[in-house]
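# Examination of the molecular architecture
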Amino acid sequence: SGYFLNSNQQCSVCNSNCAQCVGSSSNCTACPEDSYSSQGACVKCYIKSANCISCQVVNSAFSCLACSAGTYLTSSNTCAHASQIVKAAPILQFV
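Here we summarise the structure given alongside this text. As the structure is a prediction and not an experimental result, all values here were calculated from the model.

### Quick notes on the state of the cysteines
- Scanning the model with the defined rule gives six disulfides in all.
- Between the sulfur atoms of C52 and its disulfide mate C64 the distance is 2.2 Å. Taking the sign of the S-S torsion, 110° for the link of C52 and C64, the bridge is right-handed. Within this pair, whereas C52 is found in strand β7 (residues 52-58), its partner C64 is found in strand β8 (residues 61-67), the two being separated by twelve residues in sequence. Judged on exposure class, the residue C52 and its partner C64 are both buried.
- Residue pairing for C67: its cysteine sulfur links by disulfide to C79, the two sulfurs lying 2.1 Å apart. Where C67 bonds to C79 through sulfur, the torsion about that S-S bond is close to -90°, and the disulfide is left-handed. Highlighted residues: C67 in strand β8 and C79 in strand β10 (residues 79-81), separated in sequence by twelve residues. Taken individually, C67 and C79 each receive the classification buried, so the pair is uniform in this respect.
- Each bonded cysteine in the protein chain gets a number by its place in the sequence, and the pairs come out as 1-3, 2-4, 5-6, 7-9, 8-10, 11-12.
- Free cysteine: C11, not disulfide-bonded; nearest cysteine sulfur from C14 at 9.9 Å.

### Description of the pairing of strand β6 (residues 41-44)
- The pairing of strand β5 (residues 35-38) with β6 spans four bridges and is classified as antiparallel. Within β6, the residue paired with S35 across the bridge is K44.
- Where β5 folds back onto β6 in an antiparallel hairpin, the turn is made up of two residues, including Q39, whose phi is positive at roughly 55°.

### With respect to the nonpolar core
- Counting eight residues, the largest nonpolar core is built from Y36, C45, C52, C55, F62, C64, C67 and C79.
- For this core, the elements supplying multiple residues, two or more each, are β7 and β8.
- With near-sequence residues (within four places) excluded, C45 lies in contact with E33, D34, S35, Y36, C52, S54, C55 and F62.
- Residues C14, C18, C21 and C28 belong to the second largest nonpolar core, which totals six residues.

What counts and how
Residues numbered from 1 in each chain as written. Predicted model: local features only at pLDDT ≥ 70, side-chain atom pairs only at ≥ 80, totals over all residues. Heavy atoms only, no water. Disulfide = S-S within 2.5 Å. Helix = DSSP H or I, 4+ residues; strand = E, 2+ residues; numbered from the N terminus. Buried < 20%, exposed > 50% of the residue type's maximum accessible area, 1.4 Å probe, protein only. Pairing = 2+ DSSP bridges. Core = buried A, V, L, I, M, F, W, Y, C linked by side-chain atoms within 4.5 Å. Contact = heavy atoms within 4.5 Å.

And the structure:
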């Protein structure tokens with residue numbers, strides 16, 4: 001986690017949920033990769049989308065960027081279990 005300049009003009013450590021903060025230990029200005037910023041706090045990605053391990057929020061739109069093992073990233077930027085993938089077996093022809 002990062003550091004901020006406190007009211008005594010000394011460096012203090014940010015809350016463990018923040019990558020960077022300003023003014024106080026809990027006023028996050030940047031979040032770790034497994035979190036997104038929401039009203040000055042860092043929220044874990046998996047709270048918004050199960051199995052999401054890396055995410056971002058741009059213009060209030062949440063997008064999962066990476067999923068945990070055994071899951072995959074869908075076209076709607078959420079995670080789904082690999083068992084939900086429907087695979088078609090290739091058809092082999094011999095002549």
